[in-house]
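Below are the chains, spelled out letter by letter.
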Amino acid sequence: MKNKILTITVLSLISVLSFSMIIQPFSSYGNVVLVKEDMTALLKVGAFADIELSQNFLTMDNLNALLNEEELIINTETMKSAINNGLKAFFNANAGTYAHLNLFGFRFVPYLRIDGNLSLSIPKTVSNILFGETNIGETNESTVTNFLKTNITMNLGSSIVFEKFYVGVNLYSPIAFSDQNSTYAYAYYTSSASPSYAELNIQAQARILSSYNLNNIENEIFNFQNSGISLELGFGTDNFGIAVRNITISPAKATYVIAIRSDGKVNYTAEGTNLTLDATYNIYNSPLSYLTEPVNVIPPIQITGYFKGQNPLMWGVAGSYWLDGNWMAKGYAGFNLGLLKLYYMLGMNPAGYAHTIGFGFNLFFANADLKLTATTDQFIPIGQTTPGIGIAFTFSGGL
């Protein structure tokens, strides 16, 4: 009995002194080797969630106007970032649960998670036509494809970790996956001084594929009937790690599709003292349709890496890149005080910057971490910035 008490005490003290995991095993920067840092002696179970939204075209005043159903002011000042850099938005999410079983140095890590991202990127040639200053007598036209990228999947899998390496097998089913061949945006502007005339045309279309009936997804979300199979491989130490995820072995099948199409037109004419302004805008949502011929869905390969330091000063950098062009990066610094850790994190993604305050605690057999994030289009959020928000937590408990 005394030996058992001594063993538990020693394990608890080691857990307190070694508690430093900031980069989570299943986050956007995931590397499953990092489960070793939760100091599991036999078995732990955990839950995690990480959600972040960034955008560069709605200021705080714009958001308040939308919430209060007031007039939305759109001009070269409020849309400054979108005009200079193109209109951008980025949403990233992952959430789920996992178990960590440690047997004789082999670590078995089964998990269930939803993860993926959505990005909107319209180049400044289009945003200039929509929101910038235009000259009388000029004509501008721009078309962009793949302006919307969506890759959100349900995943069920298991990884085996031994020493510094891991390999995982994953079943995945697409919840929302954009069909890049049918996604485009178009803008056209022309004007003349005599007669006084201006015309603006806008068109956009997106096609979203899914393995699920989105009208009844709450009853189908754990259905892996049309799932694909993928692998992930990784290497990691206390200071450095790299992983490759979404290596598709067998593609998933999308059996449902929804198409979204919009168009708008603004005409201005002037003849003498008679001024005419005509504007129309339409959004067409086709009903969710069943595909008679399923479509293969292959998520983009993801490469992640980290480099970090340990106690008592925590610091690190991490990055994640998807082969469809999406990316995220972050750096952090803080203090690990054993039972408590405090840190600041600066992140970057295609739509801007993320400023994060995080803290965590370790109560011997339970670990937790919480992060609160404010995003903006500027490195230093002053003036007419475009806000966003994020929240993340991890909790694990066991022996």
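Above this text is the structure in question.
Every chain begins its residue count from 1, and numbering advances along the sequence as written. Reporting in this predicted model follows two pLDDT cut-offs: at least 70 for local features of residues, and 80 or more for side-chain atom pairs to be given and counted; totals over whole chains, interfaces and linings ignore these cut-offs and use all residues. Note that the side-chain values use all heavy atoms of the structure and ignore hydrogens as well as water.

J.: Before we move on, can you summarise the nonpolar core with the specific residues and values?
T.: Among buried residues, those of type Ala, Val, Leu, Ile, Met, Phe, Trp, Tyr and Cys that are joined through side-chain atoms within 4.5 Å constitute a nonpolar core. Whether a residue is buried, partly exposed or exposed follows from its accessible area with a 1.4 Å probe, protein chains only, as a fraction of its type maximum: under 20%, in between, or over 50%, in that order. One finds Phe57, Met79, Leu87, Leu120, Ile122 and Phe147 to be the most contacted residues of the largest nonpolar core, which totals 24 residues. Going through the elements one at a time, α3 (80–85), β2 (87–103), β3 (106–122), α4 (124–131), β7 (184–192) and β8 (196–210) are the ones with two or more residues in this core. With five residues, β8 is the single largest residue contributor to this core. For Phe147, the residues in contact, after removing those within four places along its chain, are Ser119, Leu120, Ser121, Ile122, Thr183, Tyr184, Ala185, Ala204 and Gln205. Secondary structure elements follow DSSP: runs of H or I of four or more residues count as helices, runs of E of two or more count as strands, with numbering from the N terminus. Residues count as neighbours in contact if any of their non-hydrogen atoms are within 4.5 Å of one another.

J.: Any details on the packing of aromatic side chains? Residues and values, ideally.
T.: To pair, rings of Phe, Tyr and Trp, with the six-membered ring standing in for Trp, must have centres within 6.5 Å; the planes then decide the type, stacked if under 30 degrees apart, edge-to-face if over 60, and tilted in the middle. Taken as a whole, this structure holds eleven aromatic pairs when the rule is applied. Here Phe26 and Tyr111 contribute two aromatic rings whose centre-to-centre distance is 5.3 Å and whose plane-to-plane angle is 50°, an arrangement assigned as tilted. On the criterion of sequence distance, the pair formed by Phe26 in the loop between α1 (2–18) and β1 (43–55) and Tyr111 in strand β3 is long-range, its members being 85 residues apart. Taking the relative accessible area as the measure of exposure, Phe26 reaches 2% and is therefore buried. Taking 5.5 Å as the distance between ring centres and 65° as the angle between the ring planes, the aromatic pair formed by Phe307 and Trp315 counts as edge-to-face. Judged by its relative accessible area of 44%, Phe307 is partly exposed. Three or more aromatic residues joined by ring pairs make a cluster, and in this case those are Phe26, Phe48, Tyr98 and Tyr111.

These results come straight from atomic positions and should not be treated as a statement about function.
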